[in-house]
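Observations on chain architecture
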Amino acid sequence: MLIAIPVATDRGEDSAISEHFGRSPYYAFVKIEGDKIVSINIEPNPFSQHGPGQIPGYMREKGVDVLIVRGIGRKAIEYLNEYGIQVIRGAHGTIKEVVQNFLEGKLESVEYEHKER
């Protein structure tokens with residue numbers, strides 16, 4: 001399984017999750033086998049100036065199965081879901097903490113609330 005996490009820094013498993021998916025400076029790609037982290041590959045965001053669907057397409061090309069984020073837009077979620085990528089939103093902490101919580105079944109995706117403007 002390959003988990004992607006937008007991160008604010010490149011500090012390995014101690015990298016903190018970024019506030020927003022599309023504007024993240026880096027993406028961590030965490031390979032999981034069984035219940036163990038096998039590898040962590042952190043790459044700079046290749047789409048700092050991105051259009052709709054570019055980053056979800058990048059995630060699909062990388063072979064991502066699950067995307068764990070703090071914040072993400074609805075349109076990005078729609079693209080990711082179309083590509084068969086599970087999105088868990090509302091997470092916080094470091095790569096190590098986020099992945100451990102995921103593997104232990106402790107992460108629950110926060111749903112959007114509709115707000116009138």
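Moving on, we come to the pattern of salt bridges. A full pass over the atoms with the stated rule returns five salt bridges. Lys-62 is the partner of Glu-43 in a salt bridge, and the nearest nitrogen-oxygen pair spans 2.7 Å. Of this pair, Glu-43 sits in strand E3 (residues 36-44) while Lys-62 sits in helix H1 (residues 54-62); the two residues are 19 residues apart in sequence, bridging distant segments of the chain. For Glu-43, a relative accessible area of 17% corresponds to the buried category. Classification of Lys-62 as partly exposed rests on a relative accessible area of 33%.

For the rest of this paragraph, the subject is the side chain of Asn-45. Along the chain, the position of Asn-45 falls in the loop between E3 and H1. On the accessibility criterion, Asn-45 (12% relative accessible area) is buried. A polar atom in the side chain of Asn-45 sits 3.2 Å from the backbone oxygen of Gly-22. For Asn-45, the side chain forms a polar contact with the side chain of Tyr-27, separated by 3.4 Å. Residues contacting Asn-45, with those up to four places away along its chain left out, are Gly-22, Arg-23, Ser-24, Pro-25, Tyr-26, Tyr-27 and Ile-55.

Another aspect to go through is the pairing of strand E2 (residues 26-33). Where strand E1 (residues 2-7) and E2 come together, six bridges link them in antiparallel fashion. If you follow Pro-6 over to E2, its bridge partner there is Tyr-27. Both E2 and E3 contribute to a ladder of eight bridges, which runs antiparallel. If you follow Tyr-26 over to E3, its bridge partner there is Pro-44. In sequence, E2 turns back onto E3 through a hairpin of two residues, with Gly-34 there showing a positive phi of about 65°.

Thresholds, definitions, all that
- Residues numbered from 1 in each chain as written.
- Predicted model: local features only at pLDDT ≥ 70, side-chain atom pairs only at ≥ 80, totals over all residues.
- Heavy atoms only, no water.
- Salt bridge = Lys/Arg side-chain N within 4 Å of Asp/Glu carboxyl O.
- Helix = DSSP H or I, 4+ residues; strand = E, 2+ residues; numbered from the N terminus.
- Buried < 20%, exposed > 50% of the residue type's maximum accessible area, 1.4 Å probe, protein only.
- Polar contact = N/O pair within 3.5 Å; in protein donor to acceptor, adjacent residues only side chain to side chain.
- Contact = heavy atoms within 4.5 Å.
- Pairing = 2+ DSSP bridges.

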